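# Residue-level structural notes
What follows is the residue order along each chain.
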Amino acid sequence: MENLLLGFSVVVTPANLLYCLIGTFLGTAIGILPGVGPLATIAILMPLTVHMDVTSALIMLCGIYYGVAYGGTATSVLLRIPGEASSVVTCLDGYMMARNGRAGAALTIAAIGSFIAGTIGTIAISYASPPLAKLVFAFGPAQYTALMLAALAAVTYFSGGPLLKVLLMVGFGLTLGCVGADPMTLTLTLTPRLTFGSLDMVGGIDLTALAIGLFGFSEILWMARQPLAKLKLIPPPKTLLGFLPNREEVRRSVMPVARGTVLGFMVGVLPGGGAMLASFLSYAVERKFCRYPEQFGKGAVEGLAGPETANNAGTSGALLPLLCMGLPANAVSALLLTAFMIHGVAPGPAMVERQPEIFWGLIASMYIGNVMLLVLNLPLIGLLVKILEVPRAYLSPLILLLCVIGVYSSGGASAVTVAVAFGFLGYFLRRLDFDLGLLILAYVLGPILERSVRQALTISGGEAKIFVADPLSIGLLVAAAVFLAAGLMPNRKLSLREDA
Amino acid sequence: MGWAMGRVAMPGRVKERLPFLANLTLSLLLLWQARGLDSWSILGPGPGLFPQLTTAFCAVVAGLLVLFPGLARTPDKSAEDGETEIGPAERRLFLAYGLALPFLALASVFTGFIAMSAFLALALTWGAERRSWRGALVFGLLCGLAGVVGFDHLLGASVPATVLEQSILRLFR
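Residues numbered from 1 in each chain as written. Chains lettered and ligands numbered in written order. Predicted model: local features only at pLDDT ≥ 70, side-chain atom pairs only at ≥ 80, totals over all residues.

What follows concerns the overall build of chain A. For chain A, the count of helices and strands is 19 helices and two strands. Against the compact-globule benchmark of 23 Å for 500 residues, chain A has a radius of gyration of 22 Å, which places it among compact chains. Oriented by its inertia axes, the alpha-carbon framework of chain A measures out at about 70 × 50 × 50 Å. Across the 500 residues that make up chain A, the buried fraction comes to 61%. Taking the intrachain contacts of chain A between residues at least 6 apart in sequence as the baseline, contacts between residues at least 24 apart amount to 79%. (Helix = DSSP H or I, 4+ residues; strand = E, 2+ residues; numbered from the N terminus. Rg over C-alpha atoms; globule rule 2.2 N^0.38 Å. Buried ≥ 20, exposed ≤ 12 C-beta atoms within 10 Å, placed from the backbone. Contact = placed C-beta atoms within 7 Å.)

Shown next as structure tokens:
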């Protein structure tokens with residue numbers, strides 16, 4: 001409790017409250033806009049936060065991360081366009097509720113469910129973080145290597161694609177992480193790796209260029225191929241009374257919200273889990289529990305309340321391993337990990353112990369951010385969805401220019417060239433159905449994994465037995481093997497998608 | 001008949017293998033680079049150990065996919081149904097956006113941000129999306145100014161700068 005009060009004392013300053021508002025507002029706007037995801041936005045903004053106070057910068061970037069799930073709801077309900085992948089399921093029953101004249105109720109149920117999930121998720125992080133951080137202190141390099149391998153294996157399993165294709169992306173990401181000077185060689189001369197003799201590459205591949213190329217530029221190319229569809233917006237209510245759900249809708253939302261919160265948080269904590277998987281799972285669970293399964297797809301309140309709650313809980317859940325173990329559960333949290341590092345903060349047990357003002361300030365900002373999101377998402381939603389009316393002719397050049405500013409600020413003109421190259425690569429990989437998020441995640445995890453492997457082997461004098469020397473490592477390696485073996489099973493995610 | 005069907009099916013199979021073949025080639029190239037590094041030194045594991053492991057891993061996985069491309073198919077998608085044909089309008093738009101990206105790379109070296117914004121808006125908003133050229137030009141110039149003043153001056157970001165941008169920045173300092 002003392003720690004949380006410390007956190008609130010850090011956040012409740014005009015500057016931090018403003019950055020929290022900017023982050024949550026941007027997150028909502030990005031959630032509304034199809035095509036511009038949190039990854040590209042955080043990558044664009046990351047270099048701009050370098051001159052900011054570290055706590056303010058992290059509060060804003062995290063606000064974007066958890067704000068996205070709120071924004072995606074509005075377009076799913078009012079337009080049947082998911083602003084974000086985690087809002088795809090909301091299109092089914094949320095949009096049908098809106099067509100049945102219950103748009104206001106659908107938005108309110110989704111916003112309140114999201115608020116409850118976000119707040120309970122934050123409370124869970126507050127209480128789970130200190131013991132988890134203490135547990136992680138017991139990890140040596142060998143155990144950490146096993147943990148990372150288990151996490152990567154879990155990510156490959158949950159990504160749902162064909163195993164070899166997924167592994168190829170993981171391998172490619174790990175390899176990209178090796179490009180540049182060896183960070184562990186303690187000599188006066190640099191040891192360049194995989195640079196093909198290019199001096200520009202000695203500094204490694206700029207993460208901002210990689211992320212903006214793969215998720216910003218490639219998205220613009222992707223959007224250019226799509227024919228423009230006329231948007232049919234179902235107008236949200238004009239008065240606040242129109243947003244109120246009736247008693248029956250409230251009664252039917254209570255249990256899905258409760259289940260969605262627990263399920264979403266648990267799935268979010270798993271590496272590779274995250275908001276999208278949480279929402280799909282919740283939809284499947286609600287369909288099983290619901291007394292009126294025939295209403296699913298036709299405007300069932302449960303089909304909206306459960307997944308909408310679960311995706312927010314999943315977003316909060318994914319922050320737990322990041323903050324306490326320095327282990328990102330998905331691509332966006334991998335980028336957040338880099339943002340932390342740029343500001344000289346290493347998320348993990350040391351952060352909880354040595355920089356409590358940053359850690360608890362961030363947690364406290366999430367409580368406040370969730371209240372801000374609730375306020376933003378009800379009365380202002382009619383205004384916010386107007387963003388979608390900005391024509392592509394103006395929106396696309398604007399996004400491209402923002403991407404250039406982000407990349408140029410991070411690495412100059414050469415980084416822009418790298419981003420463009422990754423833009424084309426990302427576009428072709430997307431067309432071939434490769435998972436680009438995995439590439440980013442593996443790229444960020446690669447250097448950490450390498451450090452653990454090399455430290456462990458240095459300690460053991462080159463004996464690989466160190467990786468199976470204690471029960472914890474063995475357990476984690478077995479878990480990794482189980483995930484990989486399970487990934488070989490066909491149709492493992494198909495049934496879920498069919499349910500949805 | 002069977003021969004004819006075989007001939008029709010071949011390009012599809014080759015096409016399916018192409019990305020994995022490209023991946024295999026790249027992985028082998030990187031592995032060749034990594035092999036030149038020490039995998040072990042007197043202090044312990046050397047700089048080459050991890051890159052050798054990851055590139056060899058990529059090469060093996062890509063090799064398997066070249067041999068058995070069916071392993072990369074999603075259960076609900078056959079190899080042929082992934083592609084959707086696009087019309088001439090979308091193709092033209094895609095080409096314009098595709099050319100805009102290398103332009104951005106070149107412009108960030110040779111032109112300043114304002115010229116880059118103006119040319120980009122003219123190319124995309126007017127040229128590709130068929131809006132009025134005056135509107136596109138004004139939009140581009142405004143974006144350029146907003147980038148220089150808003151992002152460079154106020155937020156401390158950097159934008160590609162020439163004499164024009166530096167003169168504008170001097171007005172604000």
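Okay, back to it.
Residues and elements named next belong to chain B. Model confidence for chain B is summarised by a mean pLDDT of 85, while 87% of its residues fall at 70 or above. Here residues 1-9 is modelled with pLDDT under 50, and outside its nearest four sequence neighbours on either side it reaches zero contacts, counting other chains as well. Every residue in residues 78-82 is under pLDDT 50, and counting partners more than four places away or in other chains gives seven contacts. Predicted complex metrics record ipTM = 0.88 and pTM = 0.83. (pLDDT = per-residue confidence, 0-100.)

Chain B puts 57 residues into the contact, and the matching count from chain A is 53 residues. Where the side of chain B that touches chain A is concerned, the elements lending two or more residues are α1 (2-35), β2 (44-45), α2 (49-67), α3 (88-110), α4 (113-128) and α5 (133-154) of chain B. Looking at which element gives the most residues to the side of chain B that touches chain A, the answer is α3(B), with 12 residues. Per-class residue counts for the side of chain B that touches chain A are 38 nonpolar, 14 polar and five charged. (Nonpolar A, V, L, I, M, F, W, Y, C, P; charged D, E, K, R; others polar.)

Splitting chain B by domain gives domain 1 (2-72) and domain 2 (88-93 + 100-172). Taking only C-alpha atoms, the centre of domain 1 of chain B and the centre of domain 2 of chain B are 40 Å apart. (Domains from an automatic or database assignment.)

Now for the confidence of the model for chain A. All names here are of chain A. In this model, chain A carries an average pLDDT of 83, and 94% of its residues clear a pLDDT of 70 or more. Within chain A, helix α7 (residues 163-178) carries the highest mean pLDDT (92), whereas helix α19 (residues 494-499) carries the lowest (40). A low-confidence stretch, residues 493-500 (pLDDT under 50), is modelled with 13 contacts involving residues beyond four sequence positions or located in other chains.

Quick look at the environment of B:V163 now. Considering the arrangement of structural elements, one finds B:V163 in helix α6 (residues 163-172). Distance in space between the C-alpha atoms of B:V163 and B:G112 is 8.1 Å, their sequence separation being 51 residues.

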